[in-house]
Amino acid sequence: MSAATTDAIPVAITQPLRSPGYWAGVFKRFKRDKVAVGAGLVVLAIILMAVFADYIAPADPTRSSMLRRLRPIGTPGYPLGADELGRDMLSRLIHGARLSLFMGVVPVFIAFAVGSVIGVSAGFFGGKYNTVTMRTVDIFYAFPSVLLAIALSGALGAGVFNSLLSLTIVFIPPIARIAESVTTQVRSMDYVEAARASGAGPGTIIRVHVLGNVLGPIFVYATSLISVSMILASGLSFLGLGTKPPTPEWGLMLNTLRTAIYVQPWVAALPGAAIFITSISFNLLSDGLRSAMDVKG
Amino acid sequence: MNPASTSTLLVAMENVTVRFRGAQNVHAVNGVSLTLEPGKVLGILGESGSGKSVTLKTLLRLLPESRTDIGGTVIVDGRDVLALGPQELADYRGRATSMIFQDPMLALDPVYTIGEQIAEAIVRHEKISRKAAMQRALELLQLVRIPSPERRLKAYPHEMSGGMRQRAMIALALAARPKLLLADEPTTALDATVQIQILLLLRQLQRDLGMGVIFVTHDIGVAVEVSDRLAVMYAGQIVETGTVRELISDPQHPYTRGLLAANLHGAKKGERLEAIPGAPPALNEPPSSCSFAPRCKHAEDRCRTGLPPAIVLGEGRIVRCTRAEAELAPA
């Protein structure tokens, strides 16, 4: 901010200067955070890996070979070894990123949309509507998220779509709660009263002033849920409630390789490492975003 | 007040009461009547909790409707404010009457540029393009004399100083060319040097644009600086009104006298500043006797048993004190 002002002074006298703006400031602060930038690059690499899996993976992730079961890491032709059915681990990990990322991002994204609508409306309109909505949300929030996800998936039956649905339901309550509390704060700000004093109706106030101030913090919170969602999705697959074999998915791979833990411990640990690296990168990225967006003064 | 004179007035509040419902009711405003002619400045003077801000918000109907009972009549520019429907109210707010707030840092939205906020307010009331609205916003920033207005148009509130923010806030309030401007302690959050600049600006804008202004403050010096007429509020009632000159040179109500005596301007070095003893009353019940009586050194029995009469000493000169009767008698 101070650097921007000093840059601006000589220019300002002759021509109007484009203000660095809020998002430019956020980006600048984010760039200074080395850890967050590193995490962001890792996330980007994983996303690219998932998108171009067909081109990057050295082998077909589903082609099995009974002769090459449980090869150790570094075997020629199998850089990260082979699994219990002799499938190339590297290819399976690369392809597995697709489903894992999908299961991490999509439920959170849907829950972000639904939870924001619930939370913002409850926070803005307040009163009885707030009480009814938020206490309903609290009922769901009272269950531990893992338990709720397992219970819902178990009731709905195994499958990608059902675990997607159950994860979405799990993430709506925390997002709605954050949205409600931020909205309640913003609603009592002077600029909302000032807008009302200048003739803005509730629609304008929500659209312009509430959403403008509230979506940023909710979004940052939602990104921190991506890693949780990935881990939960992997957990569901591990329990046999998510993806079905032979589809490569990290949680499922962890499950099927479980029996090989004494034979090839390093190979068996690889899907877990992939989950760990991805989720910690998402967390660090969201942390960096939070601190970069926090400064408004 | 007769109906004929009401029509030429910009503001006519008649016996307005405001009660907040809750676990404990609060009678914030108890029978306020005031008038304002077009192009004049009325200063409302009072301490915290005297009901001056509530009176101001009543004029825009900004108080939370579900928890507030408002009585009496409020006529602004010929419109019965308390009877407006939702759409009429939206048109009235900002267009006929507009308001500037105490702390411009809080009253400007941090995520939009100044230009965007002013343009938003203009588009709300006038059917013009975004681009034309931005041009108007620039003119408004020039009007409030912000240095390098082209640049400030694209600046965010946190990038500006306190004085500039308050200028921007004034520009925002003037966006739809209101006839009445309400100012709720607009200089309290500012440095002393900036305060006087903002006061002078407000005074000049008011003259240039011919606006009526109601200016609420607890600072008697500020009130004298900008106002044509003053109203002193205490415990939700106007205890004394008159022109600035009348009130300063010949205060009638003991509370007004106390306020003037507690002012630093006339104080001598080494002397103790005179203060009004006691504290304002709680407002859980509507007043049934003089609210100031417990702190008043002239209080008599009748002050404690009944409401003091509103004594008219002259044109627009009203005092709510039994002692003013003596003033009236010889004349």
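The model shown is predicted, which means the values in this text are computed figures rather than measured ones.

Draft legend 1. Focus on the interface of chain B and chain A. Listed by partner, the interface residues are 28 residues for chain B and 28 residues for chain A. For the chain B and chain A pair, buried surface summed over both sides reaches about 2,500 Å², with 61% attributable to carbon and sulfur atoms. Applying the counting criterion to the chain B and chain A interface returns one salt bridge. Across the salt bridge formed by Lys-57 of chain B and Glu-193 of chain A, the nearest N and O atoms sit 3.0 Å from each other. When residues of the side of chain B that touches chain A are traced back to their parent elements, those giving at least two are α2 (52-60), α3 (86-95), β6 (97-100), α4 (104-107), α5 (114-125) and α7 (149-153) of chain B.

Draft legend 2. Region of the structure containing the packing of helix α5 (residues 89-125) of chain A against helix α6 (residues 127-141) of chain A. All names here are of chain A. For the pair α5 and α6, the least separation of the axes is 7 Å and the interaxial angle reads 145°. For the pair α5 and α6, the sense of crossing is left-handed. Contacts from Ile-118, Ser-121, Ala-122, Gly-123 and Phe-125 of α5 reach α6 at Gly-127, Tyr-129, Asn-130, Thr-133, Met-134 and Val-137. Considered class by class, the residues forming the contact of α5 with α6 number six nonpolar, five polar and no charged.

Draft legend 3. Geometry of the pattern of salt bridges. Residue and element names in this part refer to chain B. Scanning all chains against the criterion turns up 20 salt bridges over all chains. A salt bridge links Lys-179 to Asp-77, with the shortest nitrogen-to-oxygen separation between them at 3.1 Å. With Lys-179 in the loop between α8 (162-173) and β7 (180-184) and Asp-77 in the loop between β4 (68-76) and β5 (79-80), the pair connects residues that are 102 residues apart, well separated along the chain. Among the residues examined, Asp-77 registers a relative accessible area of 27% and is labelled partly exposed. Its salt-bridge partner being Glu-300, residue Arg-302 comes within 3.2 Å of it at the nearest N-O pair. For Glu-300, a relative accessible area of 33% translates into the label partly exposed. Each of Arg-95, Glu-126, Arg-136 and Arg-177 takes part in one network of salt bridges that share partners.

Draft legend 4. Region of the structure containing the sheet that holds β4 of chain B. All names here are of chain B. Reading across the sheet, the four strands line up as β2-β1-β4-β5 and stay open at both edges, with antiparallel pairing between neighbours. A single partner strand is all that each edge strand has here, and the edge strands are β2 (26-36) and β5. Bridging between β4 and β5 involves two bridges; their strand directions are antiparallel. Paired with Val-76 across the bridge in β5 is Arg-79. Of the strands in this sheet, β1 (11-20), β2 and β4 are in contact with α2, which crosses β1 at around 110°.

Draft legend 5. Just the nonpolar core, in detail. Ranked by internal contacts, the top residues of the largest apolar core, which has 78 residues, are Val-11, Leu-34, Leu-59, Ile-118, Ile-170, Ile-214 and Phe-215 of chain B. A total of seven residues in this core trace back to one element, the largest contributor, which is α8 of chain B. When near neighbours in sequence (up to four residues on either side) are disregarded, Phe-215 of chain B contacts Val-41, Leu-42, Gly-43, Ile-44, Ala-183, Pro-186, Leu-199, Leu-202, Val-222 and Val-226 of chain B. Ranked by size, the runner-up nonpolar core spans 63 residues in total, among them Val-108, Leu-164, Ala-222 and Ile-275 of chain A.

Quick notes on the rules
Residues numbered from 1 in each chain as written. Chains lettered and ligands numbered in written order. Predicted model: local features only at pLDDT ≥ 70, side-chain atom pairs only at ≥ 80, totals over all residues. Heavy atoms only, no water. Contact = heavy atoms within 4.5 Å. Buried area = accessible area lost by both parts, 1.4 Å probe. Salt bridge = Lys/Arg side-chain N within 4 Å of Asp/Glu carboxyl O. Helix = DSSP H or I, 4+ residues; strand = E, 2+ residues; numbered from the N terminus. Axes fitted to C-alpha atoms, helices over the stretch in contact; angles between N-to-C directions. Left-handed = near helix turned anticlockwise from the far one by under 90°. Nonpolar A, V, L, I, M, F, W, Y, C, P; charged D, E, K, R; others polar. Buried < 20%, exposed > 50% of the residue type's maximum accessible area, 1.4 Å probe, protein only. Pairing = 2+ DSSP bridges. Core = buried A, V, L, I, M, F, W, Y, C linked by side-chain atoms within 4.5 Å.

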